[in-house]
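Descriptive analysis of the structure
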Amino acid sequence: MSQSDAIENLFEEHRVFAPADEFTAQAVAQASIYEQATQDRLGFWAEQANKLHWHKPFTKTLNWSEAPFAKWFEDGEINVAYNCLDRNVLEGRGERVAIHFEGEPGDTQTYTYSQLTEAVKRAANVLNGLGVTKGDRVAIYLPLIPEAIISMLAVARLGAIHSVVFGGFSADSLATRIQDAGAKLVITADGGYRRGKASALKPAVDEALGTNNCPSVEHVLVVKRTEQPVEWFETTDIWWHEAMAEASPEHEAQAFEAENPLFILYTSGTTGKPKGILHTTGGYLTQAAFTHRNVFDLHPETDVYWCTADVGWITGHSYVVYGPLANGATQVIYEGTPDSPHPGRWWEIIQKYGVTILYTAPTAIRSFMKLGRSIPDQFDLSSLRLLGSVGEPINPEAWMWYREVIGGNRCPIVDTWWQTETGAIMISPLPGVTHAKPGSAQVPIPGISARVVDEHGHEVDNNHGGYLTLTEPWPSMLRGIWGDPERFVDTYWSRFEGQYFAGDGAKKDADGDIWLLGRVDDVMNVSGHRLSTTELESALVAHPWVAEAAVVGARDEVTGQAIVAFVILRQDQLEAAGADADVSRVLREHVAREIGPIAKPRQILVVSELPKTRSGKIMRRLLRDVAEDRPIGDVTTLADSGVMGAIAGKLSTGAQD
Ligand code: WTA
């Protein structure tokens, strides 16, 4: 059976939610922009780009002559930080709050656009004083504190290139990234607050740089956040607060060509070596700003926006830093974990700041679901008017819970599909225009061409599945992999002639709406039938006993692959069901009923945690190791490295079907 046939019957979703009339009446996005972009795609993007300030206007929109290496707005000159800062101040928004910072211990800071502009000017002078100029690489290894945003913007202001490394990465990962980019400067902090305590960062930098391991690094700029003691190296280390106090608050932004690089962001690929995804300025900012305004229906005068991502990920780059600030938005950033000091912290923050737009990940939503609605119900969430989701497919049950419990049934939900590589949102409903369907990212945004294709690269019909590709260049596309142009061409442009291969499986339903089915390497083949792990997980969490599920295909002598499901149960529901409930039998029957006997898991393993990366993605590779009874592979990117021991232990005590 081909993949197209096998996923033909998945995702029979008939619930559709039209936007409320009041929402449509004030919506930023109008249905007419689809039409406009279809008729003149490049003209449409040029119009969006012209909403930014160009020191020198561009006359050419796209140069695709060296495909797949694109140049957008190439003869224009722009300064990204000027667009995010000075322009807001000059146009009268200086007193508007740019950032409400909430530290995990409860300390707060507020930056207006004027204050943020001044801080970035000072920081640009500090960096300049340390010899950072156009094209230099600066590694940023900080908690989610205002200095992270200030650092990124200061680097951008100088036409230099930042490489933000998530604070949860180890010294080794940091060193690899510093070496690959040849960073001249590292910006870090003594530590940050996570899970109720100060967690050190500087020692990881010291270790990464130790024994001349990273010879490109000349200085380390250190923000004082936790006041924990740090080892100090006089020749390299400089306190951020001392340098900032001495720096001049005057700095004039210089213009750089639109294709000047803005950042490198490392992401994992199929090999061990992370890929340094390269983004440039003009096109990137154009699409980040356009999508932030239209997908989140941003009304910058009144909205309070909160994206829960860390700046260490692409979501933090595009939707904490560049999109919101280019649009003059007021936003909340929060340093810590959702459950510190109590499980209602996020809802408390929404209530405190009157958050109107919330953008988060399905994994967070599902973990809140697991705790039950009584926690969010204790807070006033009535300020919310729009909800967003990103990072993985959101199963319809989590979508409905998000809508009902968090959104009070009144907020449109935008399920946004995109990648580190795409730089900005590519597939998403537009609130006020699209009738939303739980679980589907639905349609490419205006100006974007996406397809679902078969093995030969031919577009499939509605009701069929295949691979997601992008068929036209887009402004915020990656411009390559740092130092490895061949890998860029091989990874993304070789599988289907002339199309960008995203690595995701997808299906078009009867209406032509797109459903993302997870990475294609997560698609299982059972007795020649292809099944998506996402589909299985969605079915499992639809059962009232199941809070979270992860499914893998394990090698099986008879069927090729067999389905192994790891599930976390909801204690309250289970207690109601009684002590003698046969979890395994009930859930296997449930899946068989939901999808068909072919989808019945071979094994159901009840666990108390799932192995997740620090960005919240389930590491199925490790679960596959357990399911296939082989030694567990590399666990260094796990958020909690103890989880695998507990799961493997469970297996050996025979807690299986
Ligand atoms: C997945 C995060 C389904 C997808 C912005 C993609 C999604 C990968 C969605 C990129 C979504 C992201 N629905 N799947 N709305 N958003 N993905 O680079 O598999 O961390 O290829 O970028 O996440 O992850 P990345």
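Here the structure is a predicted model, which is why all the values come from computation and not from measurement.

Thoughts on the overall build of the chain
When helices and strands are counted, the chain shows 22 helices and 30 strands. A compact globule built from 657 residues should have a C-alpha radius of gyration of about 26 Å, and the chain, at 24 Å, falls within 12% of that. When the backbone C-alpha atoms are referred to their principal axes, the chain occupies close to 70 × 60 × 50 Å. Residues counted as buried form 61% of the 657 residues belonging to the chain. Considering only contacts within the chain whose residues lie at least 6 apart along the sequence, 71% involve residues at least 24 apart. As displayed, the chain offers around 24400 Å² of accessible surface, 48% of which is attributable to carbon and sulfur atoms.

Things to note about the site of the ligand
Inspection of the region around the ligand gives 16 residues, with Asp415, Thr416, Thr420, Asp504 and Arg519 positioned closest. Within the side chain of Asp504, one N or O atom sits 2.8 Å away from an oxygen atom of the ligand. Lys617 is positioned with one of its side-chain polar atoms (N or O) 3.3 Å from an oxygen atom of the ligand. Taking 530 Å² as the accessible area of the ligand by itself, protein coverage stands at 90%. Elements with a contribution of two residues or more to the shell around the ligand: helix 13 (314-326), strand 20 (413-416) and strand 25 (514-519). The class makeup of the residues in the shell around the ligand is six nonpolar, five polar and five charged.

Some thoughts on the packing of aromatic side chains
Under the defined criterion, the tally for this structure stands at 31 aromatic pairs. When the centroid spacing of 5.8 Å and the interplanar angle of 65 degrees are considered together, the rings of Trp54 and Phe73 count as edge-to-face. Remark: Phe73 occurs in the loop between strand 2 (71-72) and strand 3 (77-78) and Trp54 occurs in the loop between helix 4 (41-49) and strand 1 (62-63); sequence separation between them is 19 residues. Since its relative accessible area comes to 0%, Phe73 is described here as buried. On the numbers, 5.8 Å between centres and 40 degrees between planes, the contact of Tyr467 with Phe496 is tilted. Note that Tyr467 is positioned in strand 22 (residues 465-470) and Phe496 in the loop between helix 17 (485-493) and strand 24 (500-508), a separation of 29 residues in sequence. The residues Tyr467 and Phe496 share a single accessibility class, namely buried. The ring of Trp239 carries Lys224 above its face, with NZ or CZ at 4.8 Å from the centroid.

Rules used in this analysis
Residues numbered from 1 in each chain as written. Predicted model: local features only at pLDDT ≥ 70, side-chain atom pairs only at ≥ 80, totals over all residues. Heavy atoms only, no water. Helix = DSSP H or I, 4+ residues; strand = E, 2+ residues; numbered from the N terminus. Rg over C-alpha atoms; globule rule 2.2 N^0.38 Å. Buried < 20%, exposed > 50% of the residue type's maximum accessible area, 1.4 Å probe, protein only. Contact = heavy atoms within 4.5 Å. Areas by Shrake-Rupley, 256 points an atom, 1.4 Å probe, with all protein chains shown as cover. Near = heavy atom within 4 Å. Polar contact = N/O pair within 3.5 Å; in protein donor to acceptor, adjacent residues only side chain to side chain. Nonpolar A, V, L, I, M, F, W, Y, C, P; charged D, E, K, R; others polar. Phe/Tyr/Trp six-rings, centres within 6.5 Å; stacked < 30°, edge-to-face > 60°. Lys NZ or Arg CZ within 6 Å of the ring centre and 35° of its normal.

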